[in-house]
Amino acid sequence: MFKRVCSSIRYTLTFSSLLPFQIRSTWGHFISSRHTCSSVQICSRISVSRIKAKRHQTSYQRPDFYRSELKINNILRRNEQTVNLPEFDGRGLSTVRKFESNQLPANTPNEDRRSVAACLQVTISVLLPSPSKPSLLTRCMYFLSLSLLQSKGMLFGVFDGHGGSACAQAVSERLLYYIAVAMMPKQSLAVLESGMQHGRPVPPILQWYKHRTDFNYEPASLYIDQLRIFWQELLDSDEHDEGMDPTTALTYAFKRLDADISLEAQAPFSNVLEKTAAIQTAFAGCTACVAHVGPDGIHVANAGDCRAVLGVQEADGSLSALPLSWDHNSDNEAEVERIRALHPPSERDTVVTDGRLLGVLMPLRAFGDVQFKWSLELQQSILASLKSGVDLDSVSLRHYTPPNYTSPPYLDATPEIIYHKLRPQDCFLILGTDGLWDELGNKEAVRIAGEHLNAIHLQAPITPSERQLNLGQMHELLVRRQARVSDAFDANTATHLIRYALGTGNYGELCQEKLTSMLTLPEDLARLYRDDITATVVHLNSSLARAQQT
């Protein structure tokens, strides 16, 4: 996860002073006044000979502001995904009409992840007996005796990794399974367990919607074993007959997966690679925001600084932004006080310092990050068991002890749950990692998405109050209005959000020069000016909410 040293690093400020010496000179030489938009202020008078003398210090190359629009679009659209869902989901009208998603990496490799899946419930028609060595026909007959219904809604998640991508990858693959299993009734869990015990085909728990560029791995046997232990415990519980409600399931799944990640890193492994992977996952970290969209409403579970925002159409046709999550960082005073209350009064001034947990970590809730959860003795013991066969630097595992580390754990993955009952005026839900929200506010993101979806090109007449503006204010008003009538570049709403997040000028207009600059930064510089960005836009079925309201 990339976190800016100063959140105000933008082209509108002292961009040239932040660049290395030879880069400032290159930009200043190339950008003339007629190539510069209002959001780019770059200047330098360094000679070309001095540029060449220092060229070896970076891989930076002169940005091509005339790079074809096709190439820029290819960069933006490389990871975009659009899925139209069936109108009926097996029980009635679908709550979700379609979803659109996209990712733009700044890190190499990308530390963001995304997941989308529909929950499937298993119902038993006839449970056929299975011989000890079932034939292919018997297996097929058994499988056909089960019916799968999408009955527990859909799950959408965005995950922002830090300290590498290992934790975000594991959480994006596993968390949705834990949530779905927690919501399944005992009857369905019994079918899963029976299949595992007798070697029969186990029906799917989720219907995944993956993009071809998403990182896909075969589920490790360890992951399957841990998930099976989870549902076995639910089967043994006297309180799990009908499954958990979404609020309870989301909370339980977040906490359980984080605990499993911690335990797996402590487990003995005969295979060095498996042990290394488990420890990598535990020492890396990941924030998560998951939305469960059911027939009646939306449950959002958030741990960290990803965010969910609902776009709502008001009675006058305008769009408003309704936050369905709160960032868990130092800007959230209630969150800071929650953490302080968990530790002795003597640590009140050191638990959160310089806007970070123990002066180090920006998100105040996260998966993994066991260096903020384990005792120092346990950390040293686990790493010592690995050092004998593995170079820690070679696996990107850098252990450090945060200052004032006296009363762990300082971090947990318990999510904050917000429920919203669906209404006819609820149009779409935006899920994004903090790379998106670093550039766009809630209202701005909803406005951009809404105007793109509704193809707004007509502007309201000038109001009486606007007629009193002076010439400069009128010019600014016209520039802003002109920005709103520009042609839509993208069919995908998530792509459109990312385009405007990186390319918006001072007046809300799309500045092609700024966009090109941000997209052509080399790998060793991209992280300095933007983070990995993931955005998912969920289009809601207002007809369903309207029918329920009636």
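What you see is a predicted model, and the numbers here were worked out from it, not measured in a lab.

**Focus: the nonpolar core**
Core analysis: the largest hydrophobic core is formed by 48 residues, its most contacted members being Phe159, Val171, Leu175, Val181, Ile205 and Phe367. Top contributing element to this core by residue count: helix α6 (residues 166-183), with eleven residues. Ile72, Ala445, Ile498 and Ala501 belong to the second largest nonpolar core, which has 32 residues in total.

**A few points about the confidence of the model for the protein**
Looking at the protein, pLDDT values average 81 and 73% of them are 70 or higher. Predicted confidence for residues 136-145 stays below pLDDT 50, and this span has 20 contacts to residues more than four positions away or in other chains.

**Some remarks on helix α14 (residues 442-454)**
Helix length check: α14, at 13 residues, gives a terminal C-alpha distance of 18 Å against a target of 18 Å (1.5 Å per residue), a fit within 8%. Inspection of α14 places Ala445, Val446, Ile448, Ala449, Gly450, Glu451 and His452 among the buried residues, and these make up the whole buried set.

**Focus: the packing of helix α16 (residues 493-503) against helix α17 (residues 512-519)**
Packing of α16 against α17 brings their axes to within 8 Å, and their N-to-C directions diverge by 100 degrees. Judged on the interaxial angle alone, α17 and α16 are roughly perpendicular. Facing α16, whose interface residues are Arg499, Leu502 and Gly503, α17 presents Lys514, Leu515, Met518 and Leu519. Looking at the contact of α16 with α17 residue by residue, the classes come out as four nonpolar, one polar and two charged.

**Description of the packing of helix α9 (residues 246-266) against helix α10 (residues 272-283)**
Geometrically, a packed helix pair is captured by the angle between its two axes and the distance between the axes. Between α9 and α10, the shortest axis-to-axis distance is 8 Å and the interhelical angle comes to 140 degrees. When the axes of α9 and α10 are compared, the pair comes out oblique. In this structure, α9 crosses over α10, and the sense of that crossing is left-handed. Seen from α9, the contacting residues are Ile261, Glu264 and Ala265; seen from α10, they are Lys275, Ala278, Ile279, Thr281 and Ala282. Residues that form the contact of α9 with α10 fall into these classes: five nonpolar, one polar and two charged.

**Thoughts on the state of the cysteines**
Counted by the stated rule, this structure contains zero disulfides. Cys286 carries a free sulfur, and the closest cysteine sulfur to it, the one in Cys167, is 4.9 Å from it.

**Digging into the pairing of strand β2 (residues 96-104)**
For β2, the tally of buried residues reaches eight of nine residues, placing the bulk of the element in the interior. Across four bridges, the pairing between strand β1 (residues 81-84) and β2 is antiparallel. Bridged to Asn84 within β2 is Lys98.

Definitions and limits used
Residues numbered from 1 in each chain as written. Predicted model: local features only at pLDDT ≥ 70, side-chain atom pairs only at ≥ 80, totals over all residues. Heavy atoms only, no water. Core = buried A, V, L, I, M, F, W, Y, C linked by side-chain atoms within 4.5 Å. Buried < 20%, exposed > 50% of the residue type's maximum accessible area, 1.4 Å probe, protein only. Helix = DSSP H or I, 4+ residues; strand = E, 2+ residues; numbered from the N terminus. pLDDT = per-residue confidence, 0-100. Contact = heavy atoms within 4.5 Å. Expected span 1.5 Å × (residues − 1). Axes fitted to C-alpha atoms, helices over the stretch in contact; angles between N-to-C directions. Parallel < 35°, antiparallel > 145°, perpendicular 65-115°, else oblique. Nonpolar A, V, L, I, M, F, W, Y, C, P; charged D, E, K, R; others polar. Left-handed = near helix turned anticlockwise from the far one by under 90°. Disulfide = S-S within 2.5 Å. Pairing = 2+ DSSP bridges.

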